[in-house]
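Structural overview
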Amino acid sequence: MHGSAREFFEAAREAARDAHLVARQLDGMEHRALSLGGGGFEPRVRSTPDPDRIGATVAAGIDQGERLRARQEEDYRAIDAACRVLYGADNRSGLYALVGWPADAIYHHYLALRTWEDTAALLGYSVRHVQTCVRAALDLADANGQMWTELGIGMAE
């Protein structure tokens, strides 16, 4: 696991960034696959394609796609774990039940990959205020522990 809530959400941010990158790579692969073999009306220079080379290229593309999808699934598991800490399994508890909007700020900055400036503007607070409240929320999550935070139960309850 991670040493602190901040490290946990930094790892989730990296997973979100990687999931976005993988999605773009998969889209690019799909686009390239759809454009392969497009027929034209020009005569072919080579009359017989090399089936071994074509088969190896297709197999390599399939393997690469499978590796990327597996990596993306791992990223999504990390993102889902972070969402459970923020909002609980029922989407009504978690850190949000304990601190309110700072949990949304954590979501927008760490999981939706927004800058602190964009997050603050979205929530209607100054960057400094948002960062101060997020730090306090992360400190509470550290003191509370992941299980209790996911349940939305504070130490005083």
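Structure's up top.
Residue positions within a chain follow its written sequence, with the count starting from 1. Only residues with pLDDT of 70 or above have their local features reported here, since the model is predicted, and side-chain atom pairs are shown and tallied only from 80 upward, although totals for entire chains, interfaces and linings are computed over all residues. The basis for every side-chain value is the complete set of heavy atoms in the structure, and neither hydrogens nor water enter the calculation.

1. Some points on the pattern of salt bridges
For this document, the term salt bridge refers to a Lys or Arg side-chain nitrogen within 4 Å of an Asp or Glu carboxyl oxygen. Applying the stated criterion to the full structure yields two salt bridges. Two residues, Arg17 and Glu14, come together in a salt bridge whose shortest N-O distance is 2.4 Å. Placement of the pair is Arg17 and Glu14 together in helix 1 (residues 5-35), with a separation of three residues, close to one helical turn. The shortest N-O distance in the salt bridge between Asp18 and Arg71 comes to 2.8 Å. Placement of the pair is Asp18 in helix 1 and Arg71 in helix 2 (residues 51-87), with a sequence separation of 53 residues. Overall, the relative accessible area of 18% leaves Asp18 in the buried class. In this structure Arg71 comes out as partly exposed when scored by relative accessible area, which is 33%. Helix and strand definitions here come from DSSP, where helices need a minimum of 4 consecutive H or I residues and strands a minimum of 2 consecutive E residues; each element is numbered from the N-terminal end. Partly exposed describes any residue whose relative accessible area lies between the buried limit of under 20% and the exposed limit of over 50%, with all areas from a 1.4 Å probe on protein chains only and scaled to the type maximum.

2. Concerning helix 4 (residues 101-111)
The element helix 4 is largely enclosed, with a buried count of nine among its eleven residues. The positive-phi residue at the C-terminal boundary of helix 4 is Leu113, with phi of around 60 degrees.

3. Things to note about the packing of helix 4 against helix 6 (residues 127-144)
Simply put, an axis is a line fit to the C-alpha atoms, just over the touching stretch for a helix, and the angle between two N-to-C directions goes from 0 to 180 degrees. With their axes 9 Å apart at the nearest point, helix 4 and helix 6 run at an angle of 105 degrees to one another. On the basis of their axis angle, the class for helix 4 and helix 6 is roughly perpendicular. Facing helix 4, whose interface residues are Trp101, Pro102, Ala105, Ile106 and Tyr110, helix 6 presents His129, Val130, Cys133, Val134, Ala137 and Leu138. Basically, the charged four are Asp, Glu, Lys and Arg, the nonpolar ten are Ala, Val, Leu, Ile, Met, Phe, Trp, Tyr, Cys and Pro, and anything else, Gly included, counts as polar. Partitioning the contact of helix 4 with helix 6 into residue classes produces ten nonpolar, one polar and no charged. Any angle between 65 and 115 degrees counts as roughly perpendicular, while under 35 counts as roughly parallel, over 145 as roughly antiparallel, and the rest as oblique. The contact criterion used is simple: two residues touch if any of their non-hydrogen atoms lie within 4.5 Å.

4. Observations regarding the packing of aromatic side chains
Aromatic rings from Phe, Tyr and Trp, with only the six-membered ring used for Trp, were paired whenever their centres fell within 6.5 Å, and each pair was classed as stacked if the ring planes differed by under 30 degrees, edge-to-face if by over 60, and tilted otherwise. Counting across every chain of the model gives six aromatic pairs. Measuring from ring centre to ring centre gives 4.2 Å for Trp101 and Tyr125, while their planes differ by 15 degrees; the resulting arrangement is stacked. On the criterion of sequence distance, the pair formed by Trp101 in helix 4 and Tyr125 in the loop between helix 5 (116-123) and helix 6 is long-range, its members being 24 residues apart. One aromatic cluster in this structure is built from Phe8, Phe9, Tyr110 and Trp116.

5. Some points on the side chain of Thr149
On the secondary structure map, Thr149 appears in helix 7 (residues 146-151). With residues near it in sequence (within four places) discarded, Thr149 still touches Val85, Gly94, Leu95, Leu98, Ala141 and Asn144.

Read these as layout, nothing more, since geometry by itself doesn't imply function.
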